[in-house]
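Read off the chains here:
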Amino acid sequence: MPAPSVPLSHYLTTHPGVGLRFTCDGCQASHDVSMEVVLDRLKHRGLGDERTGVREVAKLATRPCARCGAMAWGSRPAFSVGR
Ligand SMILES: [Zn+2]
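### Re the sheet that holds strand E3 (residues 73-78)
The three strands are arranged E2-E1-E3 in an open sheet whose pairing can be described as antiparallel. The open sheet has two free edges, formed respectively by strand E2 (30-34) and E3, since each of these has just one partner strand. Averaged over all neighbouring strand pairs, the angle between strand axes comes to 25°, with direction disregarded. By the bridge criterion, six bridges tie strand E1 (residues 19-24) to E3 in an arrangement that is antiparallel.

Laid out in C-alpha cells, this is it:
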C-alpha cells in the first residue's frame, strides 16, 4: 500500500495562498487553482475535505484536458501562485 500523500490542510496551514497545480499526463499542459477553491469544490461535491491528499485530488478531477482531451491528471502544490 503506497504511503498517503500530504493532506491539503498541511499546505493551507504552512503556505497560506498556496495553489494546486494540475498537470495533464497526456500533453503536460498545466493550470493552477487556488487550494481554497479546490477544497470548496471537493466539499461541495462531497468528495473530500482538508484531509484529502494533495495527489488524490487529481483522481477526483471530472474535466478532461482542454488541449488533448485526456482524463489523466497529476496534482501537486504550486507555491509560485500569485508571483
Ligand atoms: Zn492534455
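### Some details on the environment of Asp49
Looking at where Asp49 falls in the secondary structure, it is placed in the loop between helix H2 (35-45) and helix H3 (56-59). A tally of 12 C-beta atoms within 10 Å means that Asp49 is categorised as exposed. C-alpha separation for the pair Asp49 and Phe79, spaced 30 residues apart in sequence, amounts to 20 Å. Not counting chain neighbours up to four residues away, the residues in contact with Asp49 comprise Leu42 and Lys43.

### Some remarks on the nonpolar core
In this structure, Tyr11, Leu20, Met35, Val54 and Val57 are the most contacted members of the largest nonpolar core, which totals 14 residues. Top element by residues in this core is E1. It accounts for three residues. Leu20 has contacts with Asp32, Val33, Met35, Val38, Val54, Val57, Ser75, Pro77 and Ala78, leaving out every residue within four places of it along the chain.

### Some thoughts on the environment of Asp25
Its location among the elements puts Asp25 in the loop between E1 and E2. The spatial distance from the C-alpha of Asp25 to the C-alpha of Cys65 is 9.3 Å, given a sequence separation of 40 residues. Once residues within four sequence positions are removed from consideration, Asp25 is found in contact with Ala70, Ala72, Trp73 and Gly74.

### Notes on unusual backbone geometry
One non-glycine residue, Gln28, adopts positive backbone phi at about 70°. Structurally, Gln28 is set in the loop between E1 and E2. Accessibility expressed as a C-beta count within 10 Å gives 11 for Gln28, which makes it exposed.

### What to know about the pairing of E2
When a strand is regular, its side chains alternate between the sheet's two faces. Direction of pairing for E1 relative to E2: antiparallel, over a ladder of five bridges. Note that in E2 the partner of Phe22 across the bridge is His31. The antiparallel pairing of E1 with E2 creates a hairpin that spans five residues between the two strands, and Gln28 there sits at a positive phi of about 70°.

### Some thoughts on the environment of Met71
In this fold, Met71 is placed in the loop between H3 and E3. Assessed through the 12 C-beta atoms surrounding it within 10 Å, Met71 is described here as exposed. C-alpha of Met71 to C-alpha of Arg41: the two residues are 30 residues apart in sequence and 18 Å apart in space.

What counts and how
- Residues numbered from 1 in each chain as written.
- Predicted model: local features only at pLDDT ≥ 70, side-chain atom pairs only at ≥ 80, totals over all residues.
- Pairing = 2+ DSSP bridges.
- Helix = DSSP H or I, 4+ residues; strand = E, 2+ residues; numbered from the N terminus.
- Axes fitted to C-alpha atoms, helices over the stretch in contact; angles between N-to-C directions.
- Buried ≥ 20, exposed ≤ 12 C-beta atoms within 10 Å, placed from the backbone.
- Contact = placed C-beta atoms within 7 Å.
- Core = buried A, V, L, I, M, F, W, Y, C linked by C-beta atoms within 7 Å.

Read these as spatial facts, not as claims about activity.
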